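Residue-level listing of the chains:
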Amino acid sequence: MYIKQHHYLHYLSPFYWLEQAFNLYYILIQYAIILMFKPRPPPGPEYPKNPKGRIAIIGAGLTGISSATHAIAHGFEVVIYEQDDKIGGIWAHVNKTSGLQLNSMLYRFFPGVLWTRPFPHRDEILSEIARVWKEYHLEPRTRFNTPVTSVERVKGSGADVKTDPERSRSRWIVNGGADGEFDAVVCTVGTCGKPLRIEIPGTPYLNQNTNGADASDDEKKEGDEDEDVFEGAVVHSSELDDADLDGKRLIVIGSGASGVEAVETALAKGATGCVMLARDDKWIIPRNIVIDTLISAQPFGREMPLSFLWERFIACWNYRGAPELVPARLGLFESTPVVNDEFIGHVKAGRCEYVRCDIERLTRSGVRVKVRGREDKPGEGKEAREIQGDVVVFATGFKKPEVNFFKDDLFPESYDRPNLYLKNFSTEDWSVLMTNSAYMNAIGTVGHFHIGIYMRILLTFLMDPGARPTGKDMKLWVDVIRYIKRGARGGALGFFTYMELTIWLLMFHLFRLDRLKWLFFIMQGWRVYPEEYDRGGARKL
């Protein structure tokens, strides 16, 4: 009787109905986006029968699948090359508890995505990627277990592409040309490759080396055979699903998003406590869609004289009760912030200790460090301390994927990643697009609408010779941005905000008025639809 009454009172709560109203509104907004912006899929896997061009997509992660989907929806043929045996990219190699940091309304990697909640986890993200992949008939177009080893310009093509893109354009072959020639190449290898494990004296090399194979004697570091080798488990933050953390005390090396997530995962799995060893501070902003959107609306993409106002606001809002955690030497608009509401509460409650330090080595029972003060720079640690723990977690991110499979000189000195045209096009050839493969740091941009916008810019270049930029124009764009943002920490294109990116894309049209006719196609995906897809006179976008 008590249970039934308690259940009944739950439905009488105004908070329950407020939550239901919000969920309904959230779903309706997504349906509105789908209705307005989702491109219609081809009728079957045999379409397009008359493609406007052929595009090679390198990588079957979130960005690769989205890019391929936009291309085929607008009448282009694609081939997707994936070195793994499954789609999903980095999302297929993280913990099941890994989820979006930004509200999923800001993480619509494709207009047809339908999330069930504001912050979905790995399995739902992979499910949406797979659904889109199947709906747009990309299965037969995906080459699994096929690492790309070479991308070469077809001999004789692209001779004038740098100076006169209207008269000439490149053709490309991948891995020797087994799949024929392509009109463009989209590299979507992302920024996360294999797990990165930093080399620290005292780390046991008994099970695996950094490449996942048994370590040889030559790979074992000097001193690792002495008594100060760590005796507990050492895992990467992406391997916590299979780790035994119940009743253990964790030492997490790294203070970024991976470190914060590792702490939350460990506590949820029964860890008795955590210590985070912070080599560098990171800003932590709230999971609030309004605040996050306003922060990303800063149009300059760097620290400005009034940036301290946002920093003070975040310090009061998100760091209340823990002012010692506020970064003293890093500006909010200098590095990608961590988006989280719980971590600071764990620190305040004593469930996690936050230690700024320089790491010296692992010992038999923990990690030896030199503690730094809030104002100290890395390397200025003075107070020696040994942190005790049962498990060491390397929350050190992932290796940056190489792009040395490009055999032509597409990224000359000073115009290599991230110094590319519109942040993502090679300045040497507009038919090479690097969506999210030149990303370093930003606010409010991950997995957002820009994937489709960049893809449609490439499609526009392929369809309209008059819209194509010259190599000189592309280098000039990079040079101008570097001049405007000179002195920015990490380089002019090392950090940007979503508003800055939006301004770049608008200027792309305004500086060349002949591109204005493509504005609604590039920005919204409207007006370009293959007639052969039209079944029974269905309405065209």
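Structure: above.
Residues numbered from 1 in each chain as written. Predicted model: local features only at pLDDT ≥ 70, side-chain atom pairs only at ≥ 80, totals over all residues. Heavy atoms only, no water.

1. Some details on the pairing of strand β12 (residues 352-362)
Part 1: For β12, a buried count of eight out of eleven residues is recorded, marking the element as mostly surrounded by other parts of the structure.
Part 2: In the sheet, strand β9 (residues 273-278) pairs with β12 via five bridges, with the strands oriented parallel. Opposite alanine 278, over in β12, you have arginine 356 as the bridge partner.
Part 3: Relative to strand β13 (residues 366-371), β12 runs antiparallel, the two being bridged by five bridges. Bridge assignment links isoleucine 359 to a residue of β13, and that residue is valine 369.
Part 4: Connecting the antiparallel pair β12 and β13 is a turn made up of three residues. (Buried < 20%, exposed > 50% of the residue type's maximum accessible area, 1.4 Å probe, protein only. Helix = DSSP H or I, 4+ residues; strand = E, 2+ residues; numbered from the N terminus. Pairing = 2+ DSSP bridges.)

2. Comments concerning the nonpolar core
Part 1: Core analysis: the biggest nonpolar cluster contains 71 residues, and Ile55, Ile65, Leu138, Phe425, Met455, Ile457 and Leu458 have the highest contact counts within it.
Part 2: Ranked by the residues each element gives to this core, the list is headed by helix α9 (residues 450-463), at nine residues.
Part 3: Residues contacting methionine 455, with those up to four places away along its chain left out, are Ile55, Ile57, Ser67, His70, Ala71, Val186 and Leu433.
Part 4: Judged by nonpolar contacts, the second largest core, of 42 residues, contains Val260, Ala266, Ile314 and Ile344. (Core = buried A, V, L, I, M, F, W, Y, C linked by side-chain atoms within 4.5 Å. Contact = heavy atoms within 4.5 Å.)

3. Section: the sheet that holds strand β1 (residues 54-58)
To summarise the sheet geometry, strands pair through backbone hydrogen bonds and adopt either a parallel or an antiparallel arrangement.
Part 1: In space, the five strands of this open sheet follow the order β3-β2-β1-β6-β16, with parallel pairing throughout. Two strands in the sheet have a free side with no partner beyond their single neighbour: β3 (142-143) and β16 (432-433).
Part 2: For β1 and strand β6 (residues 184-187), the ladder comprises four bridges, and the chain directions are parallel. Within β6, the residue paired with isoleucine 58 across the bridge is cysteine 187.
Part 3: Lying over the sheet, helix α3 (residues 62-73) contacts β1, β2 (77-81) and β6, oriented at roughly 165° with respect to β2. (Axes fitted to C-alpha atoms, helices over the stretch in contact; angles between N-to-C directions.)

4. What about helix α5 (residues 257-268)?
For an α-helix the count is 3.6 residues per turn, leaving residues at separations of three or four pointing the same way.
Part 1: Between its first and last C-alpha atoms α5 spans 16 Å; for twelve residues at 1.5 Å apiece the expected length is 16 Å, and the two agree.
Part 2: Here the buried face of α5 lies against β8 (249-253), β9, β11 (338-339), α8 (343-348), β12 and β15 (391-394).
Part 3: Backbone geometry just downstream of α5 places glycine 270 in the positive-phi region, at approximately 100°. (Expected span 1.5 Å × (residues − 1).)

5. Considerations on the pattern of salt bridges
Part 1: Evaluated as defined, the whole model comprises 28 salt bridges.
Part 2: Arginine 143 serves as the salt-bridge partner of aspartate 179, at 3.2 Å between the closest nitrogen and oxygen. Separated by 36 residues along the polypeptide, aspartate 179 in the loop between β5 (172-174) and β6 and arginine 143 in strand β3 bring together distant segments of the chain.
Part 3: Looking at aspartate 179, the relative accessible area reads 21%, which means it is partly exposed.
Part 4: Judged by its relative accessible area of 26%, arginine 143 is partly exposed.
Part 5: Residue arginine 356 is joined to aspartate 281 by a salt bridge in which the shortest nitrogen-to-oxygen separation is 2.8 Å. Note that arginine 356 is positioned in strand β12 and aspartate 281 in the loop between β9 and β10 (284-285), a separation of 75 residues in sequence.
Part 6: Salt bridges sharing common partners tie together Lys38, Glu128, Arg131 and Glu135. (Salt bridge = Lys/Arg side-chain N within 4 Å of Asp/Glu carboxyl O.)

6. Details of the pairing of β2
The side chains of a regular strand alternate, first on one face of the sheet and then on the other.
Part 1: Here β2 lies mainly inside the structure; five of its five residues are buried.
Part 2: Judged by which residues are buried, β2 turns out to be covered on both faces: Glu77, Val79 and Tyr81 on one side and Val78 and Ile80 on the other are all buried.
Part 3: Strand direction decides the pairing type here: β1 and β2, joined by five bridges, are parallel. Residue pairing in the sheet places isoleucine 58 in a bridge with tyrosine 81 of β2.

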